[in-house]
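Architecture at a glance
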Amino acid sequence: MSHAILDLLNQVMSAPWLYLALFALALLDGFFPIVPAETSVITAGVFAASTGEPNLWLVIVVAALGAFTGDHISYFIGSKAGRRLQGKKAYTWAQQALAERGGLLLVVARYIPGGRTAATLTMGGVRYPRRSFAFFDAIATSSWAVYSALIGFFGGMAFENDPLKGLLLGLGIAVSITAVVEIVRWVRKRRSQGSHRVLVTAAQSAEGDS
């Protein structure tokens, strides 16, 4: 079974249409987040290290361009559907984060499950300046493409003779990093809520004493 999977992946990774597929997946992931774009880029990185195909730098460029294009489509969708998005949990989170971080939200949200779509839709919905959006999105998509491809590449180097193990290692690292990011977000949110409750209680006590 594993040999059959490996043979199939080898055929896909050496196919001339691979780069077009990576571009399309990264593009769709901008507004349809269940598409496995990151997994595909990691897989391409693994085989770039193990077999020499595909070309690692071309994978990075194609993935970044696809993600950049997809994010702009999501921005456009948000600009047309801004009112209908208001009140939704992800939209509210993105609005608050945008107020706190500005354009850096795009860079942070790129590594949060579902966050990238919420961020781009919201920035379109609030008519965030398109030039600034493009600048920060270029940073976000380029860093994401490098990160995903290199995780796969180093996984492939660790298991040069067994790409499947390299793929599992790469995916494991990506999942672990995502989990750490989510835990840090959760802890910071709890601390922020706790500080808010303390301030409210103190204010209420002060009002009672007066």
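Starting afresh in each chain, residues are numbered from 1 along the sequence in its written order. With the structure being a predicted model, the display of local features is reserved for residues of pLDDT at least 70 and the display and counting of side-chain atom pairs for 80 or more, all residues being used for whole-chain, interface and lining totals. Excluding hydrogens and water, the side-chain figures rest on all heavy atoms present in the structure.

1. Remarks on the nonpolar core
- Grouped together as the largest cluster of nonpolar side chains are 23 residues, with contacts concentrated most on Leu22, Val41, Val59, Trp144, Ala145 and Ala149.
- Labels follow the DSSP assignment, with helices taken as runs of H or I lasting at least four residues and strands as runs of E lasting at least two, numbered in each case from the N terminus. If you list the elements that add at least two residues to this core, you get helix 1 (2–13), helix 2 (18–29), helix 3 (37–50), helix 4 (56–80) and helix 9 (130–158).
- Only heavy atoms matter for contacts: two residues are in contact if any of them lie within 4.5 Å across the pair. Apart from the residues lying within four places of it in its own chain, the contact partners of Val41 are Leu22, Val59, Ala63, Trp144, Ala145, Ser148 and Ala149. To form a nonpolar core, buried Ala, Val, Leu, Ile, Met, Phe, Trp, Tyr and Cys residues must be joined to one another through side-chain atoms within 4.5 Å. Residue burial is assigned from relative accessible area. The probe radius is 1.4 Å, only protein chains are included, and a residue is buried under 20% of its type maximum, exposed over 50%, and partly exposed in between.

2. Focus on the packing of helix 4 against helix 9
- Only C-alpha atoms enter the line fits that serve as axes; for helices the fit covers just the stretch in contact. Angles between N-to-C directions range over 0 to 180 degrees. Where helix 4 meets helix 9, the axes come as close as 8 Å, and the angle between the chain directions of the two elements is 140 degrees. Here helix 4 lies oblique to helix 9, going by the angle between them. Here helix 4 runs over helix 9; the crossing is right-handed.
- Amino acids outside the nonpolar list (Ala, Val, Leu, Ile, Met, Phe, Trp, Tyr, Cys, Pro) and the charged list (Asp, Glu, Lys, Arg) are all regarded as polar, and Gly is one of them. Residues belonging to the contact of helix 4 with helix 9 are distributed by class as follows: 17 nonpolar, three polar and three charged. Reported orientations rely on four angle classes, namely roughly parallel under 35 degrees, roughly antiparallel over 145, roughly perpendicular from 65 to 115, and oblique for the rest. Crossing handedness: left-handed means the near helix sits turned counterclockwise from the far one by under a right angle, and right-handed means the same turn made clockwise.

3. Re the side chain of Ser79
- Among the structural elements, Ser79 can be located in helix 4.
- For Ser79, a relative accessible area of 14% gives the class buried.

4. Focus on the packing of aromatic side chains
- Working definition: a ring pair exists when centres of Phe, Tyr or Trp rings (six-membered ring for Trp) sit within 6.5 Å. Plane angles under 30 degrees give stacked, over 60 give edge-to-face, the rest tilted. Per the stated rule, a full pass over the model turns up four aromatic pairs.
- Residues Tyr111 and Tyr147 carry aromatic rings whose centres are separated by 5.2 Å and whose planes lie at 85 degrees to one another, so their mutual orientation is edge-to-face. In this pair, Tyr111 is assigned in the loop between helix 7 (104–109) and helix 8 (115–125) and Tyr147 in helix 9, connecting sequence segments 36 residues apart.
- For Tyr111, a relative accessible area of 22% puts it in the partly exposed group.

5. Here's the deal with the packing of helix 2 against helix 4
- Across the interface, helix 2 lies against helix 4 with an axial gap of 7 Å and an inter-helix angle of 35 degrees. Two packed elements cross with a definite hand, and for helix 2 against helix 4 that hand is right-handed. The residues of helix 4 that touch helix 2, namely those facing Tyr19, Leu22, Phe23, Ala26 and Leu27, are Leu58, Val59, Val62, Ala63, Leu65, Gly66, Ala67, Thr69, Gly70 and Ile73.
- Residue composition of the contact of helix 2 with helix 4, by class: twelve nonpolar, three polar and no charged.

6. Let's talk about the pattern of salt bridges
- Salt bridges are identified by distance alone: a Lys or Arg side-chain nitrogen within 4 Å of an Asp or Glu carboxyl oxygen. Counting across every chain of the model gives three salt bridges.
- Its salt-bridge partner being Glu38, residue Arg116 comes within 3.7 Å of it at the nearest N-O pair. Of this pair, Arg116 sits in helix 8 while Glu38 is found in helix 3, placing the two residues 78 residues apart along the sequence. For the pair Arg116 and Glu38, a shared accessibility class is recorded, and that class is buried.
- The closest approach of N and O atoms between Arg110 and Asp71, which form a salt bridge, is 2.5 Å. Of this pair, Arg110 sits in the loop between helix 7 and helix 8 while Asp71 sits in helix 4, placing them 39 residues apart in sequence. No difference in accessibility class separates Arg110 from Asp71, as the two residues are buried.
- Beyond isolated ion pairs, a larger network of salt bridges with shared partners links Asp29, Glu38 and Arg116.

7. Here's the deal with the confidence of the model for the chain
- Averaged over the chain, the pLDDT score is 78; the fraction of residues at 70 or greater is 73%.
- One number per residue, pLDDT, summarises how confident the predictor is, and it ranges from 0 to 100. Taken together, the stretch residues 195–207 has pLDDT below 50 and engages in zero contacts with residues farther than four places along the chain or on a different chain.

8. Let's talk about the side chain of Asp71
- The exposure class assigned to Asp71 is buried, which follows from its relative accessible area of 1%.
- Setting aside chain neighbours within four positions, we find Asp71 in contact with Gly30, Arg110, Thr120, Phe133, Asp137 and Thr141.

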